[in-house]
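Now for the letters of each chain:
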Amino acid sequence: MASFHIRKIGVLGAGLMGSGIACHLAGAGFQVLLLDRAAAGPDKNILVKESLRSCLSSKPSPLYRKDFAERIKTGNFDDDFHKLAQCDWIIEAIIEELPPKIELFEKIEAVRRPDAIISSNTSGLPISMLTKGRSADFKSHFIATHFFNPPRYLQLLEIIPCVETKPEVIDFMLDFGSRYLGKQTVLCKDRPGFVANRIILPYMLKVIELCETLGLPIYVADKLMGPAMGRPKSGTFRLADLVGLDTAAKVLQGLKIHCLDDEMLQNIPPSKAFEFLLRHQFYGGKSGKGFYEKTDELDASGKRKIRALNLQTCSYELEVPVKLESLQLSKQIDDLQKRMNTLISLEDEGALLIKRSTAFLFSYVAHRIPEICDTVYGIDQAMCSGFGWELGPFQLWDVLGFQQGIELIHDSGFTVPEWIQQMSDQENLQFYRNESERMEYWNPLSGNYVSIPGSDKELNFKIRCKENNLFQNDEIQILDIGDEVLCVNFISKNNIIGEGILRGIQYAIDLAETQGWKGVVIGNTSEHFTVGANLLYIGMMAFQQEYSQLDEAAKLFQETSMRCRYSAIPVVCACQGYTFGGGVELLLHCDAAVAYAESYIGLVEMGVGILPCGGGTKEFAKRLSQEMKEGEVHMPQLIHRFKTIATAAVSTSAHEAFDLGYLDDRRDAVCIQKLTNVRKAKEKVLHLSENYVQPIETGVQVLGQSGLATLYVAANSMQRAGYASEYDVHIARKIAHVLCGGELSAPQKVSEQYLLDLEREAFLSLCSEPKTLERIQHMLEHRKVLRN
Ligand code: NAI
């Protein structure tokens, strides 16, 4: 591979995409030069500055951490264009029109360094036309990098080379995008809509047509095409409203004009309802209504009622309960594989929608290989990372069974391409198969199974769970993940931490210590690491006033945390997504953590009326004690740590978790590439195990009454400022009590056990308070915090 080194990146066009891309690149650690057209007034940079400012203030934040914005320098095309000579990669993200883009590339050619890569973020213009008039060298370094909006959060990055792009540039961008930008890169062909849009739009149109003919209300269809099929709640119609119907129509029109030989697309009849919406400019969320419309009427829970478009009458109607076996069953079967197989065995309208739309999807994607992409995994990855699907089309086909998929296609009047027929003739009846360290896919071009590039970077949990499972209970598996390292994998619902997980962690550490394993990783491959301890259990015990049971539960948690901290082998945590409550307490006690950049970390106990009592509050006191140096003023750190727990602060990224004190830059690391954190945690275990010295307890310096006085003032000021209720202050005082080591008359050193006992005492006393019980009940019923 040619050695391209990317340090500095130029982004041209500071609109919605340009600013978002600049922020993501800055978040990933790169220096960015963001340029836009020069404004006419005295400040020529006003356009770029305003665009960037508006992007920075958008929610959710385009940056992992606010101060990363300092990595972005702004300028204008007139005065600062020459600075692009210092850039290793130049991304064009200006208006979607060919002439200005061509003109810009001409200017870029005049200043670019000879080895700089140039890319376009175009969503639809033919890549080959963009480089018209450019030199051979320019073309060989040119590629399209199609980010999705918003660039930080949407995982998909489509990479589209032109005929002249050097293979090294293509390979480099595919690898760089995934390794350094954390994206799912997918290699696409220079065809209209590339991969994701080319598939989703005809598929949406087909679903609309089916709903019209089956007479299914759109809110029912969204449930079936969404959660029932392992996809986001937005389903089809809400997704269309989110994208914007005008945008969707524009892209669709482009596809229809440029893909004349795409029979399946051309054969979908126009939708009366879709045309009605376009005619009235009801474009979805951005114009107030689309397939759905929010009314001013409030429902029982105070939310605005929503009406849905009736596809037959083109009028808006309130949702009414619909009885369908398919809908009913879809909610009852947890396992996606079982659910899908059950749903397609049914015959009601819901099942027909699923069967016929899936038949269309299977046939459509199979016919698009090799037109838009050469591989099945490329298509699956694009659909999963672009739209949040659990299973891509070919993965779903494998779940339903190869032959059944073909039958489904034929039953709905569609066809399969030659390569599927050949697979069937040769009895290769799966698109994917698991091969120990990697996944393999069926390659229609070579006619055999080939490994998926990069699949060896993630640990293959599926294989590990089958073949290397050393121990399992209802909540946990202990897996051998190779190189003499164990992994504790959570398998409880939402990875909730109960007794099974705690005992499992202790058992894994015992095993490692006594049988010569090098260490333990606590990590899993779920979307979210864990939502925390078992609140249902805590609630039940608290309601039944079973305080001794609660005390035992807290003790078990504390023992497990302490076991992670003081074992004879290294224990490293790998977290991602929601990392709440008890999950944070475990993380704090490990030797190190590797957090995926999109980790939302927080000690959130206060929201349910309790405090961290699995060692979390104690650990904050201990970290404070380590931060204190003789003669230094410690109050600001004390107040900061206190407020973090007392406001249940959750980081908006792993990077922000360092500021909140959940992560520590002396031991913890962030990784931007999804699903690689477990492997990195394993590498950390191996590194630490080389000269691992079992830690010993050294005591914790606490401030006693002098600290307490300060924290009580801080708690009261939170209430006065209006962001804490009286009961919040009550809980905050309990937290303060633990952090300061109680009412000690002078600062002194105490044991960790002393603080753990204070934690449990505070926890039990809060569990006996009616307002805590109300908070727990409210969270269990509504999944929301009650600030009573
Ligand atoms: P935008 O309208 O927010 O920004 C366009 C930018 O182009 C502005 O900074 C504007 O100052 C600049 N510009 C306008 N006319 C120009 C001209 N004649 N010469 C040079 N610069 C000019 O557009 P957005 O949404 O940021 O799109 C930028 C590119 O990204 C387009 O190619 C679009 O197709 C593509 N894209 C857009 C996505 C989206 O969701 N908005 C998603 C993926 C790609």
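None of these values were measured; they are calculated from a predicted model.

Enquirer: Hey, could you go over the packing of aromatic side chains for me, with residue numbers and the actual values?
Expert: Tallied over the entire structure, the rule returns 31 aromatic pairs. One aromatic cluster is present, formed by Phe4, Phe30, Trp89, Phe172, Phe176 and Tyr180 through successive ring pairs. Positioned over the ring face of Phe620 is Arg641, at 4.6 Å from the centre of the ring.

Enquirer: Which residues make up the pattern of salt bridges, and what values do they have?
Expert: Following the criterion strictly, the structure yields 49 salt bridges and no others. In this structure, Glu293 and Arg307 form a salt bridge, with 2.9 Å as the shortest nitrogen-oxygen distance. Of the two residues, Glu293 is situated in strand 9 (residues 292–298) and Arg307 in strand 10 (residues 304–310); the sequence distance between them amounts to 14 residues. Since its relative accessible area comes to 28%, Arg307 is described here as partly exposed. When the shortest N-O distance is used, the salt bridge between Asp591 and Arg565 registers 2.8 Å. Of this pair, Asp591 sits in the loop between helix 25 (582–589) and strand 20 (592–602) while Arg565 is found in helix 24 (residues 547–566), placing the two residues 26 residues apart along the sequence. Beyond isolated ion pairs, a larger network of salt bridges with shared partners links Arg191, Arg198, Asp262, Arg368 and Glu371.

Enquirer: Could you give an account of the site of the ligand, with specific residues and numbers?
Expert: For the ligand, the set of nearby residues contains 21 residues, the closest of which are Met17, Asp36, Glu96, Lys101 and Ser123. Contact distances for the ligand include 3.0 Å between an oxygen atom and a backbone N or O atom of Ile95. For the ligand, whose free accessible area comes to 830 Å², the fraction covered by protein is 73%. When residues of the shell around the ligand are traced back to their parent elements, those giving at least two are helix 1 (16–27), helix 4 (98–111) and strand 6 (142–147). By residue class, the composition of the shell around the ligand is 10 nonpolar, 7 polar and 4 charged.

Enquirer: Give me the lowdown on the sheet that holds strand 14 (residues 448–451), citing residues and values where you can.
Expert: Sheet architecture is open: 3 strands sit in the order 12-13-14, paired in antiparallel fashion. Since the sheet does not close on itself, it has two edges, and those belong to strand 12 (432–435) and strand 14, each with one partner. Within the sheet, the average angular offset between the axes of one strand and its neighbour, ignoring direction, is 35°. One ladder, built from 4 bridges, connects strand 13 (residues 438–443) with strand 14; its direction is antiparallel. Within the sheet, the bridge partner assigned to Trp442 lies in strand 14 and is Tyr449.

Enquirer: Residue-level account of unusual backbone geometry, with values.
Expert: Between Lys59 and Pro60 the backbone carries a cis peptide bond, its omega angle lying at -5°. Here Pro60 lies in the loop between helix 2 (46–56) and strand 3 (72–76). A cis amide bond links Asn149 with the next residue in sequence, Pro150, at an omega value of -5°. You can see Pro150 is positioned in the loop between strand 6 and strand 7 (156–161). Backbone geometry at Leu675 places phi at a positive 70°, although glycine is not the residue there.

Enquirer: Break down the pairing of strand 11 (residues 315–318) for me, citing the residues and quoting the values.
Expert: Pairing analysis gives 4 bridges linking strand 10 to strand 11, with the strands arranged antiparallel. Following the sheet pairing, Leu309 is matched in strand 11 by Tyr316. Linking strand 10 to strand 11, which pair antiparallel, is a turn of 4 residues; within it Cys314 sits at a positive phi near 55°.

Enquirer: Help me get a handle on the sheet that holds strand 11, residues and values and all.
Expert: Read from one edge of the open sheet, 3 strands run 9-10-11, paired in antiparallel fashion. The open sheet terminates on both sides in strands that have one partner only, identified here as strand 9 and strand 11. Between one strand axis and the next, the sheet turns by 40° as a mean value, whatever way the strands run.

Enquirer: Break down the pairing of strand 3 for me, with residues and values.
Expert: Bridging between strand 2 (residues 31–36) and strand 3 involves 5 bridges; their strand directions are parallel. Its bridge partner lying in strand 3, Leu35 is registered against Gly75. In this fold, the crossover linking strand 2 to strand 3 by way of helix 2 has right-handed handedness.

Rules and cut-offs
- The numbering scheme is per chain: residues are counted from 1 as the chain's sequence reads.
- In view of the model being predicted, local features appear only for residues whose pLDDT reaches at least 70, and side-chain atom pairs are presented and counted only at 80 or more, with totals across whole chains, interfaces and linings using the full set of residues.
- Hydrogens are left out, water is left out, and the side-chain values use all remaining heavy atoms of the structure.
- Each Phe, Tyr or Trp ring, with Trp reduced to its six-membered ring, pairs with another whose centre is within 6.5 Å; inter-plane angles below 30 degrees give stacked pairs, above 60 give edge-to-face pairs, and intermediate values give tilted ones.
- Any Lys NZ or Arg CZ found within 6 Å of a ring centre and within 35 degrees of that ring's normal is scored as a charge over the ring.
- We define a salt bridge as a contact between a side-chain nitrogen of Lys or Arg and a carboxyl oxygen of Asp or Glu at a distance within 4 Å.
- In this text, helices come from DSSP runs of H or I with a minimum length of four residues, and strands from runs of E with a minimum of two, each type numbered from the N-terminal end.
- Relative accessible area decides the class of each residue, using a 1.4 Å probe on protein chains only: under 20% of the type maximum gives buried, over 50% gives exposed, and in between gives partly exposed.
- Summary of the distance rule: residues count as near a molecule or strand when at least one heavy atom falls within 4 Å of that molecule or strand.
- Two N or O atoms count as a polar contact when they lie within 3.5 Å, although within protein this holds only if one can serve as hydrogen donor and the other as acceptor, and sequence-adjacent residues are included solely when both atoms are side-chain atoms.
- Per-residue and other accessible areas follow the Shrake-Rupley method at a 1.4 Å probe size, with only the shown protein chains counted as cover for residues.
- Each residue gets one of three labels, nonpolar for Ala, Val, Leu, Ile, Met, Phe, Trp, Tyr, Cys and Pro, charged for Asp, Glu, Lys and Arg, and polar for the others, Gly among them.
- Any two strands with at least two DSSP-identified bridges between them are counted as paired.
- Lines fitted to the C-alpha atoms define the axes, with helices restricted to the stretch that makes contact. Angles between their N-to-C directions range from 0 to 180 degrees.
- We call a crossover right-handed when, viewed with the strands running away from us, the connection from the first strand over the helix to the second turns clockwise.

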